[in-house]
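What the coordinates show
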Amino acid sequence: MSRKFVFDFDSTLTRVEALDVLAEITLHDRDDREEVIREIQHITNLGIDGDISFTESLERRIRLLGANKKDLEPLIRELRQKISRSIATNKEFFEKYASDIYVISCGFKEFIDPIVREYNIPEERVFANTFEFDEQGNIIGFDTANVLATHNGKIECLKALGLEGEVQVIGDGYSDYVMREAGIAHKFFAYTENVHREKAARNADHIAPNLDEFLFVNDLPRNLSYPKNRIKILLLENVHPAAFENLAEDGFSVELVKHSLSEEELIEKIKGVHVLGIRSKTRVTKKVLDAADKLLIVGAFCIGTTQIELEYARSKGVVVFNAPYSNTRSVVELAIGEIIMLMRSIFPRSTEIHNGQWNKTAANSREIRGKNLGIVGYGNIGKQLSVLAEAMGMRVYYYDVDEQLALGNAVKCQSLEDLLGVSDVVTLHIDDNPANRNFIGERELSQMRTGAHLINLSRGFVVDIPALVAALKSGKLAGAAIDVYPEEPASNGAFETELRGLENVILTPHIGGSTEEAQRDIADFVPNKIMDYINTGNTVDAVNFPNIRLPKQQSAHRFLHIHKNVPGIMAHINKILASYDMNIIGQYLSTEPEVGYVITDLDREYNKAVIKELKAIEHTIKFRVLY
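So, here's what we can say about the structure. On a predicted model such as this, the values are computed, not experimentally measured, just so you know.

1. Here we look at the overall build of the protein
- On a plain count of helices and strands, the protein comes out with 25 helices and 24 strands.
- Relative to its length of 627 residues, the protein is extended, with a C-alpha radius of gyration of 32 Å against a globular reference of 25 Å.
- Reported as C-alpha extents along the three principal axes, the dimensions of the protein are approximately 95 × 70 × 45 Å.
- The buried share of the protein, reckoned over its 627 residues, is 52%.
- When contacts within the protein are restricted to residue pairs at least 6 apart in sequence, long-range pairs at least 24 apart make up 62% of them.
- Accessible area for the protein stands at about 28800 Å²; split by element, carbon and sulfur atoms hold 47% of it.
- Distance from the positive charge centre (72 side chains) to the negative charge centre (91 side chains) of the protein: 3 Å.

2. Re the pattern of salt bridges
- Applying the stated criterion across every chain, the model contains 35 salt bridges.
- Between Glu 255 and Lys 269 there is a salt bridge whose closest N-O contact spans 2.7 Å. In this pair, Glu 255 sits in strand β10 (residues 253-256) while Lys 269 sits in helix α14 (residues 263-269), placing the two residues 14 residues apart along the sequence.
- Residue Lys 269 is classed as partly exposed on the basis of its relative accessible area, which comes to 34%.
- Within this structure, Asp 8, Lys 154 and Asp 176 form a network of salt bridges that share partners.

3. A short note on unusual backbone geometry
- Positive phi values are uncommon outside glycine, yet Asn 152 reaches one of about 60°.
- Considering the arrangement of structural elements, one finds Asn 152 in the loop between β5 (139-142) and α9 (153-161).
- Its relative accessible area of 33% is what places Asn 152 among the partly exposed residues.
- The backbone of Asp 219 sits at a positive phi, close to 50°, despite the residue not being glycine.
- Inspection of the secondary structure assignment puts Asp 219 in the loop between α12 (211-217) and β9 (232-235).

4. Overview of the sheet that holds strand β11 (residues 275-278)
- Here we have 5 strands laid out as an open sheet, ordered β10-β9-β11-β12-β13, and parallel in their pairing. The two strands at the open ends of the sheet, each matched to only one other strand, are β10 and β13 (319-321). Across the sheet, the mean angle separating the axes of adjacent strands is 15° when strand polarity is ignored.
- Summarising the sheet, β9 and β11 pair through 3 bridges and their orientation is parallel. By the bridge assignment for β11, Leu 234 is matched with Leu 276.
- The strands touched by helix α23 (residues 516-536) are β11, β12 (297-300) and β13; relative to β12, the strand with the most contacts, the crossing angle is about 165°.

5. With respect to a negative patch on the surface
- Side chains of Glu 263, Glu 264, Glu 265 and Glu 268 sit close together on the surface and give a patch of like negative charge.
- Inspection of the secondary structure puts Glu 264 in helix α14.
- For Glu 264, a relative accessible area of 69% translates into the label exposed.

6. Some thoughts on the sheet that holds strand β17 (residues 425-428)
- The sheet built from 7 strands is open, its strands ordered β16-β15-β14-β17-β18-β19-β20 with parallel pairing. At either margin of the open sheet sits one strand with a lone partner, and together these are β16 (411-412) and β20 (505-507).
- Most of the contacts of helix α19 (residues 380-391) go to strand β14 (residues 372-376), to which it runs at about 170°, and overall it touches β14, β15 (395-399) and β17.

7. Some remarks on the side chain of Thr 282
- By the element assignment, Thr 282 lies in the loop between β11 and α15 (286-291).
- Using a relative accessible area of 0% as the deciding quantity, one classes Thr 282 as buried.
- A polar atom in the side chain of Thr 282 sits 2.8 Å from the side chain of Glu 237.
- Apart from the residues within four sequence positions on either side, Thr 282 is in contact with Leu 236, Glu 237, Ser 260, Leu 261, Leu 266 and Gln 307.

8. Quick notes on the nonpolar core
- In terms of nonpolar packing, the biggest core is built from 51 residues, with Phe 7, Phe 9, Phe 93, Phe 94, Phe 111 and Phe 214 touching the most fellow members.
- Top contributing element to this core by residue count: helix α2 (residues 18-26), with 5 residues.
- The contacts of Phe 7, once residues within four sequence positions are left out, are Thr 12, Leu 13, Phe 93, Phe 94, Ile 101, Tyr 102, Val 103, Ile 104, Ile 170, Leu 211 and Phe 214.

9. Looking at helix α4 (residues 54-65)
- When the terminal C-alpha atoms of α4 are compared, their 16 Å separation across 12 residues agrees well with the 16 Å that a helix rising 1.5 Å per residue should span.
- Of all the residues in α4, the buried ones are Phe 54, Ser 57, Leu 58, Arg 61, Ile 62 and Leu 65. Angular distribution of buried residues about the axis of α4 spans 120°; they occupy a single face of the element.
- Phi turns positive, to about 60°, at Gly 66, one or two residues after α4.

10. Thoughts on helix α13 (residues 241-249)
- Turning to α13, its buried residues number three or more, namely Ala 242, Ala 243 and Leu 247. Take α13 and look down its axis: the buried residues cluster within an arc of 130°, on one side only.
- Buried residues along α13 sit in contact with β9, β10 and α23.
- Looking one or two places after α13, you find Gly 251, whose phi comes out positive at around 105°.

11. Observations regarding the packing of aromatic side chains
- Per the counting criterion, the structure on display carries 25 aromatic pairs.
- Each ring, one from Phe 5 and one from Phe 93, has its centre 5.7 Å from the other, and the planes form 65°; the classification is edge-to-face. Of this pair, Phe 5 sits in strand β1 (residues 3-7) while Phe 93 is found in helix α7 (residues 91-96), placing the two residues 88 residues apart along the sequence. Just as Phe 5 is buried, Phe 93 falls in that class too.
- Ring centres of Phe 108 and Phe 131 lie 3.8 Å apart, and the angle between their planes is 5°; on these two criteria the pair is classed as stacked. A residue pair is termed long-range when its members are at least 10 positions apart, and Phe 108 in strand β2 (residues 101-108) and Phe 131 in strand β4 (residues 131-133) qualify at 23 residues. As far as burial versus exposure is concerned, Phe 108 and Phe 131 are alike and both buried.

12. What about the side chain of Asp 176?
- Mapping Asp 176 onto the fold places it in helix α10 (residues 174-181).
- Aside from chain neighbours lying at most four places away, what touches Asp 176 is Asp 8, Lys 154, Val 169, Gly 171 and Phe 188.

13. Regarding the state of the cysteines
- Tallied over the full model, the rule gives 0 disulfides.
- Summary of cysteine pairing: Cys 157 is not part of a disulfide, and the nearest cysteine sulfur, belonging to Cys 106, is at 8.9 Å.
- Taking relative accessible area as the criterion, Cys 157 reaches 8% and is therefore assigned buried.

What counts and how
Residues numbered from 1 in each chain as written. Predicted model: local features only at pLDDT ≥ 70, side-chain atom pairs only at ≥ 80, totals over all residues. Heavy atoms only, no water. Helix = DSSP H or I, 4+ residues; strand = E, 2+ residues; numbered from the N terminus. Rg over C-alpha atoms; globule rule 2.2 N^0.38 Å. Buried < 20%, exposed > 50% of the residue type's maximum accessible area, 1.4 Å probe, protein only. Contact = heavy atoms within 4.5 Å. Areas by Shrake-Rupley, 256 points an atom, 1.4 Å probe, with all protein chains shown as cover. Lys, Arg positive; Asp, Glu negative; His and termini not counted. Charge placed at Lys NZ, Arg CZ, Asp CG, Glu CD. Salt bridge = Lys/Arg side-chain N within 4 Å of Asp/Glu carboxyl O. Pairing = 2+ DSSP bridges. Axes fitted to C-alpha atoms, helices over the stretch in contact; angles between N-to-C directions. Patch = residues over 30% accessible without salt bridge, like charges linked within 9 Å, V, L, I, M, F, W, Y side chains within 5 Å. Polar contact = N/O pair within 3.5 Å; in protein donor to acceptor, adjacent residues only side chain to side chain. Core = buried A, V, L, I, M, F, W, Y, C linked by side-chain atoms within 4.5 Å. Expected span 1.5 Å × (residues − 1). Arc of directions from axis to C-beta. Phe/Tyr/Trp six-rings, centres within 6.5 Å; stacked < 30°, edge-to-face > 60°. Disulfide = S-S within 2.5 Å.

Shown next as structure tokens:
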């Protein structure tokens, strides 16, 4: 059966109601502009929802507009800039199905025709109202003989067309649905990309958050192989709202949960989820990954990834991204502050004042200028701290298991023991490698200078807490600042540690990277990585996956094939492609010991049977098509 597609114009083909935009143009110099525009929008909504007749809605709005024919040209220019995003990216559909597409709108041909003409819709298939003008060009009314100027005029218009085949109506308002209700259209798609009207959505055969969804349901040519609104993203642990906004703005279906989930809860919640966003408290275990039937990505909105079974995720074809740089400045600034607080014994003096005791003394209060700072772990954080500490007059020493270039006058130590023996303050910035458990224990603490200070802003398990408590109580160490702990609660509430109540010990609840600026940066960085992988296949900065930076797709399909890294896969892929006479525009491969990742760009026309064969290749883990 042939299909005919009937589109509304306002808030469907465009992101706006055209008369609202015209009001902004014509009323720009009036003092009551905002009030009049609000009234016009209110009347528009009453008419769209069927609460007043369309004729009344139109008459009232035109009276308020005070528009002239010369205002139409700037209106058309403005509307060209306000085409709905998914409409603009799917011009191919309008070109290929031009003879089957109609516009039925209660708007006006004077501004609709020039816009839709650019989408290959001729004016003879555009049905809309027309303005009436006086001799000075003022808009004084509309053609009342036009059926679209009457209540439920769209029904009569569509009926008069006598379209053959299945008629599908795509629009945002109840006035579009009535064509389906009257039985002259077979399906009604509530178009919600720009506005969600409950009355229309409630009565729709299908809700289309964008044109990609409509085209997908109808298996029509489209810009995206899979509509983004069908990609479910679950964000846990009160991830910054900007992450939700960034992902939702790009068209994904996003759910935000403020707390972490237990393994059992996550196993239940992960079903049907394509992207999981977490911070440090949620554990992505093997059982969770086994239950994740559609999972493509885990986004860690933090630096650490030990809470994720990285190798098992890779074996499942699940890519993991983190935020290795976004909160480094926040951690560095806290370290600087704690160095000063510890060296000056600020916390004991503050506690005394809180307890009603005045104790003005210089005892155990020292400048940081001229003191030795030992940085363990000279990575992104260690290097920034090195520069700032040196600028404040400290002598910087560092130790790292990897070869690292010294910045400024920093001195590399050949062993941890060398660094511990020379430092007045030791600050830890090492990674979450399990081998780093109790990296600083009784032996290492004994190697530190008597009266030195220890700062841990890295991982809770790298310091042996009982040994640290003993060193503080014995006076071996003069103070410590601890932000991370071997065991941390899943949510805010009661917390116990042996370090409580010890003098000159700063305790904070894992907030080293928790500043508004850092969380906002992370909320930009990680979603950008997620969107880049979903939209293009790029894996740059993935922590568990072959890294490939891909060129932009240019009028091509992109096949993404993730497989076990065994000999012959690439040859098998190309053999299948050759058997279907497919022209390869570009091909990219990157492997790790266990997993291979092949990306192939091909001409747009192809036999879809090839997909089934590519998926069936032995050792295939995941396969996706992008276009």
